[in-house]
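# What the coordinates show
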Amino acid sequence: MLTRLRRQPSWLTFLLSFLLLLFAWQMVVVWGNYDRFILPGPYDVAQQFKVVWQDGRLPKHTWITFSEVIPGLFIGIAFATPLGYLLSKSPFVARLVSPYLIASQAIPIIAIAPLLTIWVRSTYWSRVLVAVIVVFFPILINVVAGLRSVPVEQYELFHSLRASRWQIFRKLELPAALPILLAGLKVGATLSVIGALVGEFVQPKSEGLGFLLVTARYQFKTDLVFVVIVTLGVMALLLYGVVSLLEWWLLRWQTFAHGRKV
Amino acid sequence: MKHSFVALKNISHIFSNGFQVVADVSLTISGGEFVALVGRSGVGKSTLLRLMAGLFVPTQGEVMLDNQPAHHTQEPVGLVFQKDNLLPWRTVQGNVHLPLEIQGQSQKSTHQRIITLLDLVGLAGYAHHYPAQLSGGMAQRVALARALVHEPSLLLLDEPFGALDALTREKMGQELLRIWQLLPVTVCMVTHSIPEAVLLADRVLVLNGQPGTITADISIDLPRPRTLEMEGTSEFYGYAAAIRAAIE
């Protein structure tokens, strides 16, 4: 039976495992006889989902969080990519900024986020900024790693053909670094959701899924907490999926790199 | 028909870590000549080749390509390494097109030229394959086609067949000779194989020492076209023995 299951299409495998998960969850609730505010069952959560969807709260706050995540991700990429390029090209810049960059990663974002809400007047942009900071580092690291993965001989080839700096970037560095870059983008995409959420957590007068989560917890609406968690998960999955699609499109050539020989 | 020639005058080169690779090397290669560089590992053969390609600026002395300093010239050279060094995200055709693309020529205007060249290296019909779909020998032929597509006056080969099996290697050597005779190109090739050097080259330069310097310059006066059967002649053995003796 297991071998047959392995041959099923991946969406079917996913559906089966998802149903199994829901079933196990319901079993825990039933056997443990938990109160609804301690551990709601999947059915309670589904009902609560219906309520907040229909009264418009879930779409509203989801949209707000989403509208922080997307700029956060793009601004993060826009800053991390050129800096990563500089870091990998100039040992001086690398020596100058690397210690600060690495040290900054030791500080949890939750510690800096309240400061940002003080410094940035716009509540919206302060939340976006938290997402930017969270996304920045993994993308930066992957840009540097991607550029370092370009073999010296390929640089020599381009130099022997008297390629310009721009041609080297466009025709060698960018495509060569792309697989590692896209892997960083996948991490960044999921982290951007966390960043926006943290930004929402620390603001006294807030909105978005983070705000909805905090209020639901205070009101012991545990089923609503679950709704928010699931929504966040779906959002991260969707972003991850978009990057995966992009990866599949941009790295089509890799399908030839595995296996098949003439 | 442009025949450039290479002139190295009293070249010494020291790497940034202080290691001196070559000392006081002088040599000239005339247009259309086929020269082989032989010697033990670490005597600076590859460094000389990279100096000729203008990839390094020599610490001392000057490298002239067609009477211009090599590291200033805008004239592209052809370069083939032991590894095929193909860009895995480009098809065979895309890889061969690269040098022309860098010169600003569109794929459309050069399509016929690329197909002809692929035919010349025996890869007709493989234009749309990816490098990962090719065997080592085929990939190296693509690398050779790429090094020739922009009609460089100088072709630099760094152990081009070093990663191939012995039979493929012999065959590739013969094909290189055939192509060299068809095109007005000067060739400088680094090799570890003495028979290969004797069979292909007009002149064999032997490098020795640490830092390396040229200690022997042996002209190979075997008639052309050269064939694999020549490897059995006493003349061939004589040259091979002389080169072997010159390597310390």
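Here the structure is a predicted model, which is why all the values come from computation and not from measurement. (Residues numbered from 1 in each chain as written. Chains lettered and ligands numbered in written order. Predicted model: local features only at pLDDT ≥ 70, side-chain atom pairs only at ≥ 80, totals over all residues.)

All names here are of chain B. With respect to topology, 4 strands assemble into an open sheet ordered S2-S1-S4-S5, the strand pairing being antiparallel. In this open sheet, the two edge strands, each paired with only one partner strand, are strand S2 (20-29) and strand S5 (68-69). Where strand S1 (residues 6-14) meets S2, 6 bridges bridge the pair, whose relative direction is antiparallel. Its bridge partner lying in S2, Ile 14 is registered against Gln 20. (Pairing = 2+ DSSP bridges. Helix = DSSP H or I, 4+ residues; strand = E, 2+ residues; numbered from the N terminus.)

Moving on, we come to the sheet that holds strand S9 (residues 203-208) of chain B. Residue and element names in this part refer to chain B. In spatial order, the strands read S6-S7-S8-S3-S9-S10; together these 6 strands make up an open sheet with mixed pairing. Only two strands of the sheet have a single partner each, and these edge strands are strand S6 (78-80) and strand S10 (213-219). Each strand axis lies, on average, 15° off the axis of its neighbour in the sheet, ignoring direction. In terms of strand pairing, strand S3 (residues 34-39) meets strand S8 (residues 186-190) through 4 bridges, oriented parallel. Across the sheet, the residue bridging to Val 35 is Cys 188, located in S8. (Axes fitted to C-alpha atoms, helices over the stretch in contact; angles between N-to-C directions.)

Take the nonpolar core next. The biggest cluster of nonpolar side chains holds 77 residues, and the ones touching the most others in it are Met 52, Val 142, Leu 156, Cys 188 and Val 204 of chain B. Those residues within four positions of Val 142 of chain B in sequence are excluded, and the remaining contacts are Asp 84, Leu 86, Val 92, Asn 95, Val 96, Leu 123 and Leu 134 of chain B. (Core = buried A, V, L, I, M, F, W, Y, C linked by C-beta atoms within 7 Å. Buried ≥ 20, exposed ≤ 12 C-beta atoms within 10 Å, placed from the backbone. Contact = placed C-beta atoms within 7 Å.)

On to the pairing of S10 of chain B. Remember that side chains alternate between the two faces of the sheet whenever the strand is regular. As defined by bridge partners, S9 of chain B adjoins S10 of chain B across 6 bridges and the pair is classed as antiparallel. Across the sheet, Leu 205 of chain B pairs through a bridge with Asp 217 of chain B, a residue of S10 of chain B.

Now for the interface of chain A and chain B. Listed as interface residues are 17 residues of chain A and, on the opposing side, 18 residues of chain B. Of all the secondary-structure elements, those providing two or more residues to the side of chain A that touches chain B are helix H8 (152-160), helix H9 (165-201) and helix H12 (254-257) of chain A. For the side of chain A that touches chain B, the leading source of residues is H8 of chain A, giving 6 residues. For the side of chain A that touches chain B, a count of residues per class yields 8 nonpolar, 4 polar and 5 charged. (Nonpolar A, V, L, I, M, F, W, Y, C, P; charged D, E, K, R; others polar.)

The subject of this paragraph is unusual backbone geometry. All names here are of chain B. In this model, Gln 210 is joined to Pro 211 through a cis peptide bond whose omega is 0°. Summarising the element assignment, Pro 211 is placed in the loop between S9 and S10. With omega at -5°, the peptide bond leading from Arg 224 into Pro 225 counts as cis. Within the secondary structure, Pro 225 sits in the loop between S10 and helix H7 (234-246).

This part is about the environment of Leu 237 of chain A. Residue and element names in this part refer to chain A. Structurally, Leu 237 is set in helix H11 (residues 222-250). Given 13 C-beta atoms within 10 Å, Leu 237 falls into the partly exposed group. Separated by 179 residues in sequence, Leu 237 and Leu 58 place their C-alpha atoms 18 Å apart.

This brings us to helix H4 (residues 136-148) of chain B. Residues and elements named next belong to chain B. The first and last C-alpha atoms of H4 sit 19 Å apart over 13 residues, in line with the 18 Å expected at 1.5 Å per residue. In terms of burial, H4 is a largely internal element, 11 of the 13 residues being buried. Of the positions making up H4, those classed as buried are Met 138, Ala 139, Gln 140, Arg 141, Val 142, Ala 143, Leu 144, Ala 145, Arg 146, Ala 147 and Leu 148. Buried-residue contacts for H4 involve S6, helix H2 (92-102), helix H3 (107-120), strand S7 (154-158) and helix H5 (166-182). (Expected span 1.5 Å × (residues − 1).)

Residue and element names in this part refer to chain A. Considered for burial, the residues of helix H10 (residues 209-218) that qualify are Leu 209, Gly 210, Phe 211, Leu 212 and Leu 213. Where H10 is buried, its residues meet helix H4 (57-89), H9 and H11. After H10 finishes, the residue Phe 220 shows a positive phi value of roughly 55°.

This brings us to the packing of H9 of chain A against H10 of chain A. All names here are of chain A. The contact between H9 and H10 brings their axes to 7 Å, and the two run at 55°. One element, H9, and the other, H10, form an angle in the oblique class. Handedness of the H9/H10 crossing: right-handed. Mapping the contact onto sequence places Leu 197, Glu 200 and Phe 201 in H9 and Leu 209, Gly 210, Phe 211 and Val 214 in H10. Split into classes, the residues belonging to the contact of H9 with H10 amount to 5 nonpolar, 1 polar and 1 charged. (Parallel < 35°, antiparallel > 145°, perpendicular 65-115°, else oblique. Left-handed = near helix turned anticlockwise from the far one by under 90°.)

A few words on the environment of Val 132 of chain A. Residues and elements named next belong to chain A. For Val 132, the position within the fold is in helix H7 (residues 123-148). Once the C-alpha coordinates of Val 132 and Tyr 240 are considered, the two residues, 108 residues apart in sequence, prove to be 17 Å apart. Not counting the four nearest positions on each side in its chain, Val 132 is found in contact with Gly 72, Ile 75 and Gly 76.

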